[in-house]
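Descriptive structure summary
The residues making up each chain are set out below.
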Amino acid sequence: MREARKKKKKWLWITLSIIGLLVLSVGGYAFYLYKSATDTVASIHEELDRDKSPKRPDKVTFTEKDPISILLMGVDEREGDRGRSDSLILMTVNPNTNSTQMLSIPRDTRTEIVGKGKQDKINHAYAFGGTEMAVATVENFLDVPVDYFVKINMESFKDTVDAVGGIEVNNTLNFSSGGYDFPEGKVTLDGEKALAYTRMRYEDPRGDFGRQERQRQIIEGVMKKGANVSSITKFGDMFGVVRDNVTTNLTFDEMWEIQANYKAASQNLEQFQIKGTGDKIDGIYYYIVAEEERLALSNQLKDHLEISSDTAATSSN
């Protein structure tokens with residue numbers, strides 16, 4: 001019912017993206033990086049208006065290794081415009097089974113927008129009500145808690161790639177986008193090319209799923225290249241990119257606790273896609289997810305988070 005692909009390699013957490021790199025790659029500049037990282041994380045912090053997810057009876061305790069969920073939101077955000085969530089990926093991390101699951105949510109998925117009282121595309125939730133509404137809508141759609149979020153402006157791909165001096169990706173589809181040609185195989189990307197590479201959608205038979213895969217490739221490529229950066233100037237560029245383009249409700253201490261208690265879970269990753277069908281309603285295209293598929297995914301996520309269906313339902317009331 002669900003297509004899963006297990007990657008047996010060390011997984012550099014997509015949700016911590018550049019921040020994780022800054023925290024982990026201390027090298028010979030430990031004090032500089034620590035001070036800059038703490039200042040940067042403090043500047044990008046965005047609280048949700050709650051102490052915990054309404055889908056949980058109790059707050060997450062890192063030292064007890066409670067499974068957690070993190071929503072990655074790639075936002076297409078320009079000056080003077082809040083924009084829409086261009087990419088939604090829910091990651092669940094279970095340190096007790098040493099496993100991580102990633103679920104890509106198509107941007108056109110039709111669901112109830114919490115706070116608007118109507119059915120619409122799930123990516124419109126961010127446009128209507130920002131992070132709060134986007135998180136609440138994802139929680140309602142999947143009936144699981146979203147404990148943390150990391151929001152990345154998709155425009156930052158350009159600055160991020162340039163900050164590490166370009167990256168290399170393995171392209172599986174021959175296509176052109178934004179005035180650039182992308183042949184199959186190893187492709188070297190600077191910032192402008194990376195942005196064009198991630199934005200292509202209509203030539204890809206996988207649609208949004210293909211674009212989300214390319215976005216993940218860019219982040220992995222940045223982290224792989226950035227891990228070898230030894231120049232303070234380059235790290236300064238990276239801190240600047242994070243400050244301008246990333247927000248999260250994770251504190252520096254929480255990131256540190258996750259690194260200390262959950263790292264092993266990152267080595268066993270499964271990726272999932274939501275199966276559905278495209279359809280037009282009143283002339284507007286939507287991605288329709290059957291109720292049985294939604295419930296099956298919800299139960300799978302609850303199992304991985306070690307949350308019973310009764311607990312989630314009771315906590316949300």
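Not measured: the values here are computed from a predicted model. (Residues numbered from 1 in each chain as written. Predicted model: local features only at pLDDT ≥ 70, side-chain atom pairs only at ≥ 80, totals over all residues. Heavy atoms only, no water.)

**Concerning the packing of aromatic side chains**
Counting across every chain of the model gives seven aromatic pairs. An angle of 55° between the planes, with centres 6.5 Å apart, marks the rings of Tyr180 and Phe182 as tilted. Classification of Phe182 as buried rests on a relative accessible area of 1%. Site record: aromatic cluster; members linked through ring pairs are Phe175, Tyr180, Phe182 and Tyr197. Just above the ring of Tyr197 sits the side chain of Arg214; from NZ or CZ to the centre is 6.0 Å. (Phe/Tyr/Trp six-rings, centres within 6.5 Å; stacked < 30°, edge-to-face > 60°. Buried < 20%, exposed > 50% of the residue type's maximum accessible area, 1.4 Å probe, protein only. Lys NZ or Arg CZ within 6 Å of the ring centre and 35° of its normal.)

**Things to note about helix 5 (residues 191–199)**
Buried residues of helix 5: Gly191, Ala194, Leu195, Ala196, Tyr197 and Thr198, and no others. Residue Asp190 occupies the N-cap position of helix 5, its side-chain oxygen lying 3.3 Å from the main-chain nitrogen of Glu192. (Helix = DSSP H or I, 4+ residues; strand = E, 2+ residues; numbered from the N terminus. Polar contact = N/O pair within 3.5 Å; in protein donor to acceptor, adjacent residues only side chain to side chain.)

**A word on the environment of Arg294**
Mapping Arg294 onto the fold places it in helix 9 (residues 291–305). When sequence neighbours within four positions are dropped, the list of residues in contact with Arg294 reads Asn140, Phe141 and Val289. Within polar-contact distance, the side chain of Arg294 engages the side chain of Glu291 at 2.7 Å. (Contact = heavy atoms within 4.5 Å.)

**A few points about the environment of Tyr287**
Along the chain, the position of Tyr287 falls in strand 15 (residues 284–288). In this structure Tyr287 comes out as buried when scored by relative accessible area, which is 12%. Placed 177 residues apart in sequence, Tyr287 and Arg110 show a C-alpha to C-alpha distance of 5.9 Å. Those residues in contact with Tyr287 that sit more than four places away from it in its chain are Pro106, Asp108, Thr109, Arg110, Phe209, Ile274, Lys275, Gly276 and Thr277.

**What about the nonpolar core?**
By size, the foremost hydrophobic cluster in this structure holds 27 residues, and its most contacted members are Leu71, Ile105, Val138 and Leu142. If you list the elements that add at least two residues to this core, you get strand 2 (68–78), strand 3 (81–94), strand 4 (99–105), helix 3 (124–142) and helix 9. Other than its neighbours up to four places away in sequence, Leu142 contacts Leu90, Leu103, Ile105, Ser298 and Leu301. Membership of the second largest hydrophobic core comes to 26 residues, among which are Phe62, Ile219, Ile258 and Tyr262. (Core = buried A, V, L, I, M, F, W, Y, C linked by side-chain atoms within 4.5 Å.)

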